Structures are given as structure tokens and as C-alpha cells.
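# Per-entry structural report
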Amino acid sequence: MSTEVEEPPSGAADADEIASEAAAVAAPDVIADSLGEYVKIWLARVRGGDSGALPVLLGLAAIVIYFQARSSLFLSAGNLVNLMTQAAWIVLLGMAEVFVLLLGEIDLSIGYTSAIGATFTCWLLVPPNPWPWPIAVLVGLAVPAIFGGLEGLIITRLRLPSFVVTLAGQLLALGLLLEVMDWAAPGSGGTIRLYSNVLSDIEGGAMSPLAGWIVMIAAVALAGTLFVVRDSRRRASNLAAPPASVTALKIVLMAVAGVVVVLIGNTNRGVAVAVRGVPWVVLLILVVVVAYSFLLGRTRFGRYMYAIGGNAEAARRAGINLSRIRVAAFVLAGLTAGIMGIVYASYLGSVSTNVPGGQNVLYAVAAAVIGGTSLFGGRGKMLGAVLGGVIVAVIYNGLELLGLGAAAQYMWTAAVLLAAVTVDTVARRGRSTT
Amino acid sequence: MTTPSADDARPATAGRASAPDSDQAPQEQETHQAQAPAVGDPAGPQDANGADGLDGAQPLLRLVDIGKNFGPVRALSDITLDIPPGQVTAIVGDNGAGKSTLIKTISGIWHQDHGQILWQGRPIHLHSPKDATGLGIATVYQDLALCDNLDIVQNMFLGQEPVRHWQLDEISMEKTAKRTLADLSVVTIRSVRQPVGSLSGGQRQAVAVAKAVMRQARLVILDEPTAALGVTQTRVVLDLIRRLKSQNIAVIVISHNLTDVMSVADRIAVLRLGSLVAVGPKSQFDAESVVDLMTTGTSKRLAAEPAEVSHPAGQSSGSSSEH
């Protein structure tokens, strides 16, 4: 008999060992009976290398402390709101990348396709005869989505590596961007202003302080209700559910995070005139994260994404249409890039051919990977891309605040990305040897 | 295709004759009565009667003269084999004997070049694995086809997830998965929400089998289920096979491991160089005779019972001469 496979513990004496082995890899939600046990299992997982958001949060805290120590402006309300608007587009591009990374693919083109989409949007809104902004937005989303779909088709039909196809896509998109800009706004120097107040307000405008509170309370209440309802339905069906104390703790943490964001947003950050309120883009990100998390976590499509990323052959034998899911992932990545393009245009107030599309896409991959998405496919969450995007944005923002230029930004981001990939690879190695 | 024409005619009629028989009932006595079902390959008409006379019980699956070539390589020649319901049939053979080719034919991965497959007496044509699954033929390959990053429930329902109110019905999935595992007496798994990557080899095998059983399998084909397992894990899997049998599910086990085969099989079929050299109840074999059959195609130990074994060696000029 083979000796490579470890013998399973036999008998009741080893039951504890089974438990701790299981704990090292299973989500504590489903096996813990109490808060104490939850923490214990969670710690076992951290030791086992699958630590979830913990290192990301610790890293974020360390970076924040560093910047605050160097510049007292860092944690000012004005800068933190600024940070939110900077993080928004990185987070969105990171979420776009999660869709393809989950399949073990990559999309290097979305930095420029997003700009193409935004160019169409801005162009349609140029006076004197602007289109209604929703139509302009739809066009701006559709163009990168179609571009992504075409890349997906090439990748699945011709069985080419996505790295090469989307690298070609990146160059093609840059070329198209120049072409489209030249055709839409000849003689403009490659820039179109964003003429829609609605779209400018995504990054530039803010909810009223009261609206901020209402949105936050509604979001926390809704999420909390969903948690509690889900747990009680599981208990009613005699299935294991997380202990009530754990769920309560989660809701409290969520509420605290919400309160902090709203408090920051509602602090006056104006100099001459009072400026208050949470930027609208925070709400946009919230909606997108919830929608995408639902798609990945609660639908067949999402389940198949993880299955293909984990073991494509198993997914194929289960009757899953791999090509369709793959193409859909590239379409979703493109669509999300379209959202990012409009947010980016809103952030800059215009769209331009000078957009650093190649750099942005690398920030996006960094955000996704820092947030726990595996480059090897099958593992990752949308919420992680938010955390990762915030980290990248903090570095970007903090170094700018310290007056350090692009050189330091690149090197810092490189260091963090390298650290994240190392964690990912080491964790993966740890898992495969169990 | 060197198949003798007489051989073509024989099992076809046998198959049709048996088709209108009673439905599948578990026929335990078959093992005792079937002293004659030793169907070798071109063994002659009297064997056909013997096969048909599987004591009147309709076999769940009947292979008639299955042949498969890969270019000039003859992978299977004229395999005629009955798989009775509710029994464990072990298919043994050395590397390259055609075991994998045979089960891939049964599970619809590829179509046989000639011959016929009868499922509960009716001729069937399997053009894809889906056809086989639809009939209730589930194959668990050695690689198990599990996604390590998904949990047990997610793996068991992969591709068949029930949807309720626009989202996956996790509760019904989890309940069904737990019930199926409990029915198979799989008790060592702490939570069905554990990722499969965290399970031991035997547990993974159990999950793969449970996945097959959950889809109303009538016949479960296990490809080398114990090949990578230690002693304890092997015991778990053998218990699982007995458990399947007790639920009146027919099992085909492909194995190299004769100890496992002797411990769990009801019937043994020996393949050698693409031909079926012997088939019969386990009582007619012992480990040494099986090894003899696997390696040489004959066994002196079985000489006393000539009905049990057909010796392709005797007529090897025909089919078993390897090009």
C-alpha cells in the first residue's frame, strides 16, 4: 500500500485530532459551537496559513500608523474622504480583475478598455446636444464589456493564454482609445470634459449628513437581518449555524465600520465653506460589492466560477459549460472596468488619452491579490478586492501626502504586491501538502 | 475485425431473448447457481446459454461482444459480460489489459467499435457520459474529479444545484448531502461544509461515491478506489462498497489489489490483453488463480472446473494475439 497518504486517526481517542485538522482548513462558521471555539478554530486557521483578512488588516493598520506618524494630515477628515475617492476606482478595477483571477486567468486590457468606455460616455454628454446620461453610461459600460467578451471568445475558442490575448488587448485598446478620441473630439488634445453633473457627483459630490446616516443604518440593518434570518433558517433545518454571539459580533463590527465611515464623511472638511457628507461613490461601491458577492456566492454562475478555478476538469465532467462561464467572466470584468472608467472620469473631471492604463491594471491585480484572491484561481472574494484596493490607495495617497513622487509609489506598491503573492503562494503550498 | 461470424450471432440472440425478462430483482442465489456463466470470449454457443441462464435473473448491465480498437491496437476484443444488480463485480487485469477502456465504454466516454450494451435488457447507445449518468451509471474515476476549493456539499451538487428564489438552495443541498453520507455510514467527516481539500483519501473517495449515489445511480463504477490509500482508509472504502451493495446498487470495482478484490467482490472478471479470460463467482477463484489468469490467461488451479474459464490461450490464433 502507498505510504504517502497519512493514516487517518482511528477510534475516539483521535477525534480531537480530526477536529483540529478540520479546523485548520474549514470555515469556523460551520463547525464552531460557541464564540470561544470560534476564536480557537479561527486561530488554528491563521496558523495553518489560511488567515483570511487578518494580515491584510494588520498590514493596513501598520501602513496607516506609519503615514500618520510622518504626516498628521493623513488621518484628517479631508484626506480620508480624498482617500475614499482615490480608493474607489482602484477597488472597482480590482473587482473586475477578481472575476478573471478566480478562473486562473488575467485581464491586462481593462485599464484601457475602461478609458474607451468613459470616452464614449463623455463624448455622448458633450453639449450642445447631450444624450441623457443613463444612455451615455450604458454605452460606456457596454463597450468594455463587449471588448472583454471578444477577448474571452478568442481565449476559449482558440485556447490561447489569457495573458497574451489581453496583453494584445491592452495594446489594441490603447490604439482604439487614441482612434476614438481623435474621431470623437478632434483637435481637443486628447481630452474630453465630463459634462454631466450627475456623473461628476459620483466622486465630487456627497450625500447630506442625514442621508449618510440613513443609508448606513439601513445597510447594517438589512445585512444584520439577512444574517439572522439565514442562521435561524439553518437552525430550523437542523443544520449547523454560527453561534449567535459570532453573528452578533459580525453585525457590531459592520456597524462600527459604517459609523466610522459616516463620521469621517460628515466631519467638516471645507476650509472657507463647510463641506460635509459621505461621497456618493461609497454607496456605489457598496452596491457593486453586494451585487457581485451575491453573484459569486449565491448563484450557480458564481459556484461554477469557483469550480472551474479549483478544478476545471471536474467542472467539465459535472456538465458545466466552461467556455460560456469563461467568456461571461471576461464580459463581467469588462463591464466592471466600464464602471471604473466612468468613476475615473468623474474623479478627474474628464477623460484623456493620457490615462495610465497599464499602471492602473497592475494596481488592480495588486488590489485583488492583496485582498486574498489567488493568482492560481478558485479562491478570492469581492470584499477582499475592496480591502486590497484600500491598501493600494493608502500607499498612493500617503506617499503623495509626504511629497514623495512616483518612484516611491511604485516601489511601495511593488513591495506590498510581492508580500501578498508570497502569502498566497505559501498558503497554497501549505494547503496542498495537507 | 477478426470476429467469427458465429460469435456475432450468438450473444445478440441471447440478449434479445433475455430482454423481456422480469425486472431487476436482487438475485442473491445467482452466485450459487451461476456455475456456468463463465463467458470467455469466443467460447462457443453453449456458453451463451450459460450466460442467458443467469438463473433467469436479468442482469442490470449486459455487455455483448464489445470490441474497441485504437488504430491498429486492439484494446478490447469481444467482451461479453453480465453485471447483476446488487452485487459487486471486480474487474481485474494487469496494466494494459483493457480495464480502463472497458469502463470508459460503459460510462459513455467513448463508443465501442462493435458489440452491444444492454441496460436492463434494452439495447442502449451511450454517446456521452451524460447518457450513462442519465441511465444511472455513475463512474468514480481514480482522480475523483473533486474541486479542492469547494466544500463537500458544493462538490456533491456541482452542476446540479437546486435554485430557489433566484439563489442556490443551500439548505436543501446540505440536508440531502448529509443524508446521503449518513446512508453510506460515512461518519468521520465533521462538517459537510469542510473544503474537500482538507479531507483524507478515504473521505474524498466517500464524497465522490456519495456524489454518484445521490444522483440515483443503479450502477457505480469505481476505478482503483483503494490505489492511493493506506490500510485504514482502504477499510473505509471497502465498507463503503459493501454499503452500496446493501442498498441494492450494483458495483463494478476496477482494482489491482487482489486482497481488496477477494474481500469485497461477489464476482470476478479477469481481463488479459483485451480479452475476458475468466468470469464467475468469487468462490471459484483464489488469489493465486487470479494472478495466473491475469498473467498467463490460464490457471492450472482451475483446470478441474473447465466451465469456469475459457482459455483464450487455446484459440489465441483468433483474437488475443496482440497484432
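Owing to the predicted nature of the structure, the values given are computational and were not obtained by experimental measurement.

Cut-off values and rules
- Residues numbered from 1 in each chain as written.
- Chains lettered and ligands numbered in written order.
- Predicted model: local features only at pLDDT ≥ 70, side-chain atom pairs only at ≥ 80, totals over all residues.
- Helix = DSSP H or I, 4+ residues; strand = E, 2+ residues; numbered from the N terminus.
- Contact = placed C-beta atoms within 7 Å.
- Pairing = 2+ DSSP bridges.
- Buried ≥ 20, exposed ≤ 12 C-beta atoms within 10 Å, placed from the backbone.
- Domains from an automatic or database assignment.
- Axes fitted to C-alpha atoms, helices over the stretch in contact; angles between N-to-C directions.
- Parallel < 35°, antiparallel > 145°, perpendicular 65-115°, else oblique.
- pLDDT = per-residue confidence, 0-100.

## Some thoughts on the environment of Val186(B)
Residues and elements named next belong to chain B. Considering the arrangement of structural elements, one finds Val 186 in the loop between α7 (170–183) and α8 (201–214). Separated by 30 residues in sequence, Val 186 and Met 156 place their C-alpha atoms 14 Å apart. Among residues more than four places away in sequence, those in contact with Val 186 are Leu 181, Ala 206 and Ala 210.

## Quick notes on the pairing of strand β4 (residues 114–119) of chain B
The two faces of a sheet get side chains in turn, since along a regular strand they alternate between them. Residues and elements named next belong to chain B. As paired elements, strand β1 (residues 61–70) and β4 share five bridges and run antiparallel to each other. Bridge pairing in β4 links Arg 62 to Leu 118. Hairpin connection from β4 to strand β5 (residues 122–124): two residues lie between these consecutive antiparallel strands, with Gln 120 at a positive phi of about 50°.

## Re the pairing of strand β6 (residues 137–140) of chain B
Residue and element names in this part refer to chain B. Of the two faces of β6, the one carrying Ile 137 and Thr 139 and the one carrying Ala 138 and Val 140 are both buried. Taken together, the four bridges between β6 and strand β9 (residues 219–223) define a ladder with parallel strand orientation. Counted as the bridge partner of Ile 137 is Leu 219 from β9.

## Some points on the domain arrangement of chain A
Residue and element names in this part refer to chain A. Looking at chain A, the domain boundaries give domain 1 (53–205 + 279–429) and domain 2 (219–265). In this structure, domain 1 and domain 2 have C-alpha centres spaced 28 Å apart. Opposite the six residues of domain 1 that make contact, domain 2 presents four residues. Contributing elements (two or more residues each) for the side of domain 1 that touches domain 2: α5 (77–101) and α12 (280–298).

## Thoughts on the sheet that holds strand β10 (residues 250–254) of chain B
Residues and elements named next belong to chain B. An order of β6-β9-β10-β3-β11-β12 is seen for the six strands of this open sheet, with the pairing classed as mixed. Looking along the sheet, the strands with just one partner apiece sit at the ends: β6 and β12 (275–281). Shown here is a sheet whose adjacent strand axes are inclined to one another by a mean of 15°, direction ignored. Alignment of strand β3 (residues 88–93) against strand β11 (residues 267–272), held across five bridges, turns out to be parallel. In the sheet register, Thr 89 faces β11, and the bridge partner there is Arg 267.

## Focus: the packing of helix α10 (residues 209–236) of chain A against helix α11 (residues 244–266) of chain A
If you want to describe how two helices pack, look at the angle between their axes and the distance between the axes. Residues and elements named next belong to chain A. Viewed as axis vectors pointing N to C, α10 and α11 meet at an angle of 170°, and their least axial separation amounts to 10 Å. With respect to their mutual orientation, α10 and α11 come out roughly antiparallel. Residues Pro 209, Gly 212, Trp 213, Met 216, Ala 219, Val 220, Ala 223, Gly 224, Phe 227, Val 228 and Asp 231 of α10 pack against Thr 247, Lys 250, Ile 251, Met 254, Ala 255, Gly 258, Val 259, Val 262, Gly 265 and Asn 266 of α11.

## Overview of the confidence of the model for chain B
Fine structural detail should not be taken from predicted coordinates in areas where pLDDT scores are low. All names here are of chain B. Here chain B averages 75 in pLDDT, while 75% of its residues score no lower than 70. Summarising per-element confidence for chain B, the mean pLDDT is lowest in helix α1 (residues 5–18) (38) and highest in helix α6 (residues 152–156) (93). For residues 1–55, every residue scores under 50 in pLDDT, and the model assigns this stretch 111 contacts once sequence neighbours within four places are set aside. Confidence drops under a pLDDT of 50 for residues 303–323, and excluding neighbours within four residues, the segment shows 48 contacts in the predicted structure. This prediction of the complex comes with two scores: 0.81 for pTM and 0.84 for ipTM.

## Overview of the sheet that holds strand β2 (residues 73–83) of chain B
Residues and elements named next belong to chain B. The strand order across the open sheet built from four strands is β2-β1-β4-β5, with neighbouring strands paired in antiparallel fashion. The sheet is open, and its two edges are formed by β2 and β5, each paired on a single side. Direction aside, the axes of adjacent strands within the sheet are offset by 30° on average. Pairing of β4 with β5 involves three bridges; the strand directions are antiparallel. By the bridge assignment for β5, Trp 119 is matched with Arg 122.

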